[in-house]
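Coordinates in review
The chain contents come next:
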Amino acid sequence: MRLGKARERTHTKPFKLSNEGKWGILMISPYLIHFIVFILFTMFASLYFSFSHYDMLNAPQWVGLENYTKLVNDTVFWKALGNTVYFTVLFVPAQTILALILASALNQQLRGLKLYRMAHFIPVISSWTVVLYVADAIFNPRFGLANDLLLKLGMQPQQWLNDEHLVIPVLVVVAVWKGIGYMMVIFLAGLQNVPEDLYEAADIEGAGVLQKFRHVTIPLISGTTFLVLVLSTITTFQAFEQIYVMTGNSGDITAAGGPDNSSMVLMLYLFQQGFAFLKMGYASAIAWILFIMLFIITLIQVKLQNKWVHYEK
Amino acid sequence: MKKPNKKRKIVSYLVITLSAILMLTPFVTAALNSLKSYSQYTAIPVEWIPNPFHWKNYLEVWQMTDFAQYGLNSMIVTVLSVAGALLSCSMVAYAFARLDFPFKQSLFLMVLGTLMIPPVVMIIPQFIIFKNMGFLDTLVPLWLLEWLAQPFGIFLMRQAFLAIPKEYEEAAKLDGCSPFQTYWRIFLPMCKPQLATLTIFTFMTKWNEIMAPVIYLSSEEKFTLPIGVLSMSGAWFGQEQYLVAAALMTLVPILIVFLFTEKFFVKGASSSGLK
């Protein structure tokens with residue numbers, strides 16, 4: 001009898017909630033609903049759809065690996081993958097390096113610091129629709145400032161976003177312009193944690209500006225740099241809004257990604273397949289390939305960080 | 001902050017001044033374009049300064065398009081999102097920071113984990129959930145998830161609650177406050193800076209959002225500003241100066257909110273790189 005009682009007590013104990021425990025569970029319930037319905041359930045559903053034909057009118061029909069094998073032979077998918085990688089490879093280093101240079105310039109007692117910072121924030125707080133019309137002032141092939149400048153310099157005007165070879169570089173330039181203010185502030189926070197006496201020690205040893213940057217600044221902010229790189233790679237890989245807005249036509253999703261798919265990226269392809277052509281299964285397969293690639297890239301970046309990221313002991 | 005060094009300062013001023021000019025030139029050019037007639041707008045060679053200024057372009061956007069309706073929709077989505085984010089994130093964060101309940105550690109690890117999952121795998125099933133709930137072509141899917149505590153906000157608010165000394169809690173307990181009352185009456189008012197940070201970030205995200213409206217909205221009277229202005233381009237073909245004016249007007253509310261909360265924007269942005 002005693003034994004039974006003891007067992008019963010240990011058995012019931014975790015389920016007996018204190019008053020505080022009840023409040024705790026109640027107060028986190030919004031997140032619990034979020035997690036169960038909108039994360040856990042959706043992940044399983046999306047995995048299931050990726051092995052199905054699903055047009056949203058009829059129930060999903062299991063087709064095994066068919067979506068994935070079709071993707072392997074889909075030339076537009078490969079083009080979208082290539083463009084996504086190309087965009088990321090151009091964008092991430094360019095934005096990171098330029099943001100670091102700007103942050104280093106701002107990291108001292110300058111007059112009008114706040115105004116300088118705000119000038120760099122206006123693109124950050126603008127929607128891509130605003131950016132579209134603002135960028136048009138520069139890159140409009142007929143009357144944009146860029147071509148006006150080229151003509152004045154005696155060079156050939158360009159088609160910019162309508163040119164197969166220029167469209168991604170131009171999109172990258174605009175993306176850097178829009179995002180650099182945000183990255184600059186992240187770097188500024190990192191730079192302000194670098195102890196002043198390290199620079200003084202470097203001064204005593206007669207180090208120049210570039211040497212100090214190379215041997216003091218870079219190693220000490222490598223943790224921040226690492227985060228910036230991981231975060232911007234993940235976001236860039238999933239970029240949709242910019243391509244949709246800047247290469248589309250009046251918000252027609254099937255028109256975006258041109259010219260001739262030269263700015264088609266994975267997220268846009270996923271959207272076209274899913275929401276324009278109602279191939280939800282196929283779109284889910286693209287989503288999972290994207291997810292797996294992001295996972296691998298993050299893993300590689302984490303592995304590589306041991307080689308160059310310097311954490312203070 | 002580094003010690004003053006003349007050469008370094010001059011170079012820095014040059015770099016950031018040049019950069020600031022590059023940041024603002026497109027806006028200034030677009031603003032000037034928005035004040036031109038179409039023939040001034042398309043003139044070659046480019047005429048920088050409109051002559052005369054067509055101020056009525058801005059008025060005509062209001063009179064001749066659904067701009068006001070789009071603006072109202074955007075306002076509804078943004079205000080409901082901000083309210084939802086402030087309430088749900090702070091409540092969940094308070095429980096994680098100050099209350100003791102079963103599986104707290106593992107549940108918090110779960111929040112951390114969900115931050116790593118890219119949204120891409122959830123888009124399609126979420127759409128199907130909202131479709132089955134009958135919310136297609138309504139504004140509901142655009143703000144509802146903000147009422148279910150997004151991880152960024154939970155983190156931000158949890159840090160704030162953790163920093164408050166224990167004595168406040170004990171005093172509240174002596175006064176007979178329930179945990180919820182303690183959170184609502186005592187702790188929440190002490191976290192105004194973080195609430196401001198969360199406000200500006202949610203406002204910015206929702207005001208500018210394009211992906212969700214594109215997925216969920218099909219009738220034009222439901223459109224929010226970013227996709228509403230995009231959709232105007234068909235009707236205004238050959239009159240693009242109106243589109244520039246409309247786009248620039250959508251920037252005004254977020255610019256005003258930003259000017260008042262710039263400090264909190266910087267804080268939020270810099271903390272997002274320092275986890």
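Residues numbered from 1 in each chain as written. Chains lettered and ligands numbered in written order. Predicted model: local features only at pLDDT ≥ 70, side-chain atom pairs only at ≥ 80, totals over all residues. Heavy atoms only, no water.

In the nomenclature of an unreviewed UniProt entry, chain B is known as Carbohydrate ABC transporter permease of Halobacillus salinarum. For the record of chain B, the UniProt heading Subcellular location (unreviewed entry) holds the text "Cell membrane". Among the UniProt annotations of chain B, the heading Sequence similarities (unreviewed entry) holds the following wording: "Belongs to the binding-protein-dependent transport system permease family." (UniProt positions renumbered as here; feature names shortened; annotations may be inferred.)

As annotated in an unreviewed UniProt entry, chain A is Sugar ABC transporter permease from Halobacillus salinarum. Annotation of chain A in UniProt includes, under Subcellular location (unreviewed entry), the sentence "Cell membrane". What UniProt states about chain A under its Sequence similarities (unreviewed entry) heading is, verbatim, "Belongs to the binding-protein-dependent transport system permease family."

**Describing the overall build of chain B**
Per the secondary structure count, chain B includes 14 helices and zero strands. Counting from the amino terminus, chain B carries its helices and strands in the arrangement α-α-α-α-α-α-α-α-α-α-α-α-α-α. Against the globule reference of 19 Å for 275 residues, chain B gives a C-alpha radius of gyration of 24 Å, more extended than a compact globule. Seen through its C-alpha atoms, chain B measures out along the principal axes to roughly 75 × 65 × 35 Å. The 275 residues of chain B split such that 57% are buried. In chain B, the proportion of contacts linking residues at least 24 apart, taken out of those at least 6 apart, comes to 73%. Summed over all atoms, the accessible surface of chain B reaches about 12,600 Å², with 69% contributed by carbon and sulfur. (Helix = DSSP H or I, 4+ residues; strand = E, 2+ residues; numbered from the N terminus. Rg over C-alpha atoms; globule rule 2.2 N^0.38 Å. Buried < 20%, exposed > 50% of the residue type's maximum accessible area, 1.4 Å probe, protein only. Contact = heavy atoms within 4.5 Å. Areas by Shrake-Rupley, 256 points an atom, 1.4 Å probe, with all protein chains shown as cover.)

**Quick look at the environment of B:Phe101**
Its place among the elements puts B:Phe101 in the loop between α4 (67-98) and α5 (104-116). The contacts of B:Phe101, once residues within four sequence positions are left out, are A:Gly21, A:Gly24, A:Ile25, A:Ile28, B:Ala95, B:Phe96 and B:Leu107.

**As for the packing of helix α11 (residues 192-208) of chain B against helix α14 (residues 240-271) of chain B**
Residues and elements named next belong to chain B. At a minimum axis separation of 8 Å, α11 and α14 run at an interaxial angle of 140°. Between α11 and α14, the crossing angle belongs to the class labelled oblique. At the point where α11 passes α14, the crossing takes the left-handed sense. Across the interface between the two elements, Pro-193, Ala-196, Thr-197, Ile-200, Phe-201, Phe-203, Met-204 and Trp-207 of α11 pack against Thr-250, Pro-253, Ile-254, Val-257, Phe-258, Thr-261, Phe-264, Phe-265, Gly-268 and Ala-269 of α14. Considered class by class, the residues forming the contact of α11 with α14 number 14 nonpolar, four polar and no charged. (Axes fitted to C-alpha atoms, helices over the stretch in contact; angles between N-to-C directions. Parallel < 35°, antiparallel > 145°, perpendicular 65-115°, else oblique. Left-handed = near helix turned anticlockwise from the far one by under 90°. Nonpolar A, V, L, I, M, F, W, Y, C, P; charged D, E, K, R; others polar.)

**A look at the UniProt feature "transmembrane region" (unreviewed entry) in chain B**
Residue and element names in this part refer to chain B. Using the residue numbers shown here, the UniProt feature "transmembrane region" (unreviewed entry) corresponds to residues 12-32, 72-95, 107-128, 140-157 and 242-261. Segment residues 140-157 splits into 61% helix and 0% strand. End C-alpha atoms: 25 Å apart. When the span residues 242-261 is considered, its composition is 100% helix and 0% strand, and the gap between its end C-alpha atoms is 30 Å.

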